[in-house]
Amino acid sequence: MVTIRNQWRSAGVVTALATLGAAGLLTAAPAFAANSIAVDSATASSVAIEYTCESGAGVASIDAMVGDPNAEGPAATGSQTAVTCDGSQHNATIALTATPGQPALASGAGVQVRVALVDRSETVVSGTAKLLTLG
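Quick caveat, the model's predicted, so the values are computed rather than measured.

Draft legend 1. Main features of the environment of Ala57. With respect to the helices and strands, Ala57 occurs in the loop between strand S2 (46–52) and strand S3 (59–67). Note on Ala57: relative accessible area 14%, which makes it buried. Separated by 69 residues in the primary sequence, Ala57 and Ser126 place their C-alpha atoms 9.8 Å from one another. Dropping the residues within four chain positions of it, Ala57 is found in contact with Asn35 and Val125.

Have a look at this one:
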């Protein structure tokens, strides 16, 4: 789909817009200030993240996508529903599953990692993208 490819390739634009939107949320609603997610590292089989979310944020899962920054879609995806939203920082490791039709991830490859805290309707509560080398 063109939409998916454009979203994947436009991660920088999406991140910039999300940052601007987050700045507006911080100003308008301090209760949402603690909802955040960051990528620590990634391998061909998992992504390590740090996250914080408030109990009222509605977070149902943590989703991850990993692949070549110029690919039409991610090479692997993962999701975890064991999420603790209590306003404290937590660590999680998201297991990845290869996406059919995409090249396999390999150690040492440069990839884009996108992670997000999402609610039950798959709406992103907080998300980020990071370029790194797979360990």
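From this point on, the discussion continues.
Draft legend 2. Molecular detail of the environment of Ala42. Along the polypeptide, Ala42 turns up in strand S1 (residues 36–42). In the structure, Ala42 is positioned 24 residues away from Val66 in sequence and 8.6 Å away in space, judged by C-alpha atoms. Each residue touching Ala42, except ones within four places of it in the same chain, is listed here: Val47, Val113, Leu132, Thr133, Leu134 and Gly135.

Draft legend 3. Expanded view of the sheet that holds S2. In space, the three strands of this open sheet follow the order S1-S2-S5, with antiparallel pairing throughout. The strands lining the two open edges of the sheet, one partner per strand, are S1 and strand S5 (89–95). Across the sheet, the axes of successive neighbouring strands diverge by a mean angle of 25°, strand direction being ignored. As defined by bridge partners, S2 adjoins S5 across seven bridges and the pair is classed as antiparallel. Paired with Thr52 across the two strands is Gln89, which belongs to S5.

Draft legend 4. Up close: the nonpolar core. Ranked by internal contacts, the top residues of the largest apolar core, which has 25 residues, are Val47, Ile49 and Val113. For this core, the elements supplying multiple residues, two or more each, are S1, S2, S3, S5 and strand S7 (110–119). Dropping the residues within four chain positions of it, Val47 is found in contact with Val39, Ser41, Ala42, Ala64, Val66, Ala92, Thr93, Ile94, Leu96, Val113 and Val115.

Draft legend 5. Looking closely at the pairing of S3. Along S3, eight of the nine residues are buried, which leaves the element largely enclosed by surrounding structure. Sheet analysis places S3 next to S7, joined by eight bridges and oriented antiparallel. Within the sheet, the bridge partner assigned to Ser61 lies in S7 and is Val118. Two elements, S3 and strand S4 (residues 76–80), share five bridges in a ladder whose sense is antiparallel. In the strand pairing of S4, Ile62 is matched with Gln80.

Definitions and cut-offs
- Residues numbered from 1 in each chain as written.
- Predicted model: local features only at pLDDT ≥ 70, side-chain atom pairs only at ≥ 80, totals over all residues.
- Heavy atoms only, no water.
- Helix = DSSP H or I, 4+ residues; strand = E, 2+ residues; numbered from the N terminus.
- Buried < 20%, exposed > 50% of the residue type's maximum accessible area, 1.4 Å probe, protein only.
- Contact = heavy atoms within 4.5 Å.
- Pairing = 2+ DSSP bridges.
- Axes fitted to C-alpha atoms, helices over the stretch in contact; angles between N-to-C directions.
- Core = buried A, V, L, I, M, F, W, Y, C linked by side-chain atoms within 4.5 Å.

Keep in mind these numbers describe shape, not what the thing actually does.
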